[in-house]
Amino acid sequence: MAAASFALSACAANSDNGSGNGGNNGSTKVDIPVVTNLPVSPNAAKPAGDGKGKCSGVSLAYAGAKSGANAQLGINILNGVKLAIQEHNQANKDCQVKLKEFDTEGDPGKAPGVVTQLLSESDIIGMVGLPFSGESKATGGAIDKANLVHITPSATNPDLTKNGWTTFYRALGNDSVQGPAAAKFITGKLQAKVICVIQDDSDYGIGLANAANQALGAAAQGCQDKVTTGQKDFSATTAKVINAKADAVFYAGYYAEGAPLDQQLVTKGFKGTFIGPDGVKDDQFIKQAGSASANAFFTCPCVPGELIPDFAKAYEGVSGGTAPGTYSLEGYDAATILLKGIDSGIKDRAALRDFVKSYDGDGFSKHFKWNPDGELAQSTVYGYKVQDGKIQYVGTIS
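So, here's what we can say about the structure. (Residues numbered from 1 in each chain as written. Predicted model: local features only at pLDDT ≥ 70, side-chain atom pairs only at ≥ 80, totals over all residues. Heavy atoms only, no water.)

## Concerning the pattern of salt bridges
Evaluated as defined, the whole model comprises 15 salt bridges. In this structure, Lys 54 and Asp 94 form a salt bridge, with 3.4 Å as the shortest nitrogen-oxygen distance. Taken as a pair, Lys 54 in the loop between α1 (2-13) and β1 (59-64) and Asp 94 in the loop between α2 (71-91) and β2 (98-103) lie far apart in primary sequence, 40 residues in all. Residues Lys 366 and Glu 330 are paired through a salt bridge, measuring 3.1 Å at the closest nitrogen-oxygen approach. On the criterion of sequence distance, the pair formed by Lys 366 in the loop between β11 (360-362) and β12 (367-369) and Glu 330 in helix α12 (residues 328-343) is long-range, its members being 36 residues apart. We classify Lys 366 as buried; its relative accessible area is 11%. Classification of Glu 330 by relative accessible area gives buried; the value is 0%. A single salt-bridge network, built from bridges that share partners, covers Lys 54, Lys 93 and Asp 94. (Salt bridge = Lys/Arg side-chain N within 4 Å of Asp/Glu carboxyl O. Helix = DSSP H or I, 4+ residues; strand = E, 2+ residues; numbered from the N terminus. Buried < 20%, exposed > 50% of the residue type's maximum accessible area, 1.4 Å probe, protein only.)

## Structural notes on the state of the cysteines
In the structure shown here, the tally under the stated rule is three disulfides. Each sulfur in the disulfide pair Cys 196 and Cys 223 lies 1.9 Å from the other. The sign of the 95° torsion about the S-S bond sets the Cys 196-Cys 223 disulfide as right-handed. Of this pair, Cys 196 sits in strand β6 (residues 195-199) while Cys 223 sits in the loop between α7 (218-221) and β7 (224-226); the two residues are 27 residues apart in sequence, bridging distant segments of the chain. Cys 223 sits in the buried class, given a relative accessible area of 2%. (Disulfide = S-S within 2.5 Å.)

## Brief notes about the packing of helix α8 (residues 235-243) against helix α9 (residues 255-267)
It is the contact of α8 with α9, at a shortest axis distance of 9 Å, that shows an interaxial angle of 55°. By the angle between their axes, α8 is oblique relative to α9. Judged by the twist between their axes, the crossing of α8 over α9 is right-handed. Of the residues in α9, those touching α8 at Ser 235, Thr 237, Thr 238 and Val 241 are Leu 261, Gln 264 and Leu 265. Considered class by class, the residues forming the contact of α8 with α9 number three nonpolar, four polar and no charged. (Axes fitted to C-alpha atoms, helices over the stretch in contact; angles between N-to-C directions. Parallel < 35°, antiparallel > 145°, perpendicular 65-115°, else oblique. Left-handed = near helix turned anticlockwise from the far one by under 90°. Contact = heavy atoms within 4.5 Å. Nonpolar A, V, L, I, M, F, W, Y, C, P; charged D, E, K, R; others polar.)

## Brief notes about the packing of α2 against α12
At a closest axis distance of 7 Å, the pairing of α2 and α12 adopts a crossing angle of 35°. Crossing hand, α2 versus α12: right-handed. Packed against α2, whose contacting residues are Asn 76, Ile 77, Gly 80, Val 81, Leu 83, Ala 84, Ile 85, Glu 87 and His 88, the element α12 presents Ser 328, Gly 331, Tyr 332, Ala 335, Thr 336, Leu 339 and Asp 343 at the interface. Across the contact of α2 with α12, the residue classes tally to eight nonpolar, six polar and two charged.

## A look at the pairing of β1
For β1, the tally of buried residues reaches six of six residues, placing the bulk of the element in the interior. Side chains Ser 59, Ala 61 and Ala 63 project from β1 onto one buried face, and the interleaved Leu 60, Tyr 62 and Gly 64 project onto a second face that is buried too. Sheet topology places β1 next to β2; six bridges connect them, and they run parallel. By the bridge assignment, Tyr 62 is partnered in β2 with Glu 101. (Pairing = 2+ DSSP bridges.)

## Focus: the sheet that holds strand β8 (residues 248-252)
Paired through backbone hydrogen bonds, the strands of a sheet run either parallel or antiparallel to each other. Here seven strands make up an open sheet; going across it, the order is β7-β6-β8-β9-β10-β13-β14 and the pairing mixed. What marks the edges here is a single partner per strand, and that holds for β7 and β14 (390-396). Across the sheet, the mean angle from the axis of one strand to that of its neighbour is 25°, orientation sign disregarded. Bridge count between strand β9 (residues 273-276) and strand β10 (residues 296-300): three bridges; the pairing is parallel. Of the residues in β10, the one forming a bridge with Gly 276 is Phe 298. Here helix α5 (residues 175-189) sits on the sheet and contacts β6, β8, β9 and β10; the angle it forms with β10, its principal contact strand, is near 145°.

Following this line, the structure appears as structure tokens:
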């Protein structure tokens, strides 16, 4: 994967064919070609294992959004988990692992009650989730006290691994990685000179905006704004962006607000680039923003599962024909790691926690090895753009 990342980075680095003279409200136009092939490590762990697993009475859980304004991000993960468990159970007749699903709606206020129910079910010895940083913050202490190891494929607030929890593991780089990568992408590859940073009021959005602002420095100091969850009218924000003559907007938040924000910006005459992070990178953004989404790029510490043909085909079998989305592959890998622990003979929460703690191996999305805080030893950030009404991969950006 390291060699592949270098090659993709080199491909992207040679793609600049535009010149930016920022501060003219969208004069920056850079063509960045898409990347259509994605190599996978030959040693990537597969859920089926060797087919010799033996177990009984053990379950894994998914906890996260299945409904709510940003539900699709959770559903992407859930379908990846479903596929992993399906492939495992088909190959291991003597080890049938049950998947239990818990819908938090992505709401930090509702997640603690849902997680309390989950923790009371003793057959659950591992969990994939929670997808969002706010709900992870609200439930991490209780999960840690119950000794239930959980791997989040998508919660990126850096502070989540600073709580002393021993059961929280992150299957991706955090926003201390993504924020500077986004800044480098915006000012380097996209050649923007004047950037507006807009953040929502979630733990995720706040942490990511802080990281991006630190990296952007003076380029973003003159244009900052905040929005709230559920907001529909962004006229004050759009006016601020237009008046700043911004080349680019970096939106730190989720697609539920990011899509109408971009749409209203374009309607008001913004001709610059809209850049969203992983919380915005979903087909729902395109559906909700409409033709305005043509100006969008995304950053994400996630790997595009749709570019792995075998995975994509199998995924569509459990998703009702929908292609893999943001963090589908990370959800699949996270479940695979927990299944490998079960196949090794583990039957309880403490042992599965210790298995993950010492895990060191390739997945389909990346190499998984964690430091004592639950952060990946190495992480990568990738770039995407909207082209022809679809989210297209443009390769490694950091």
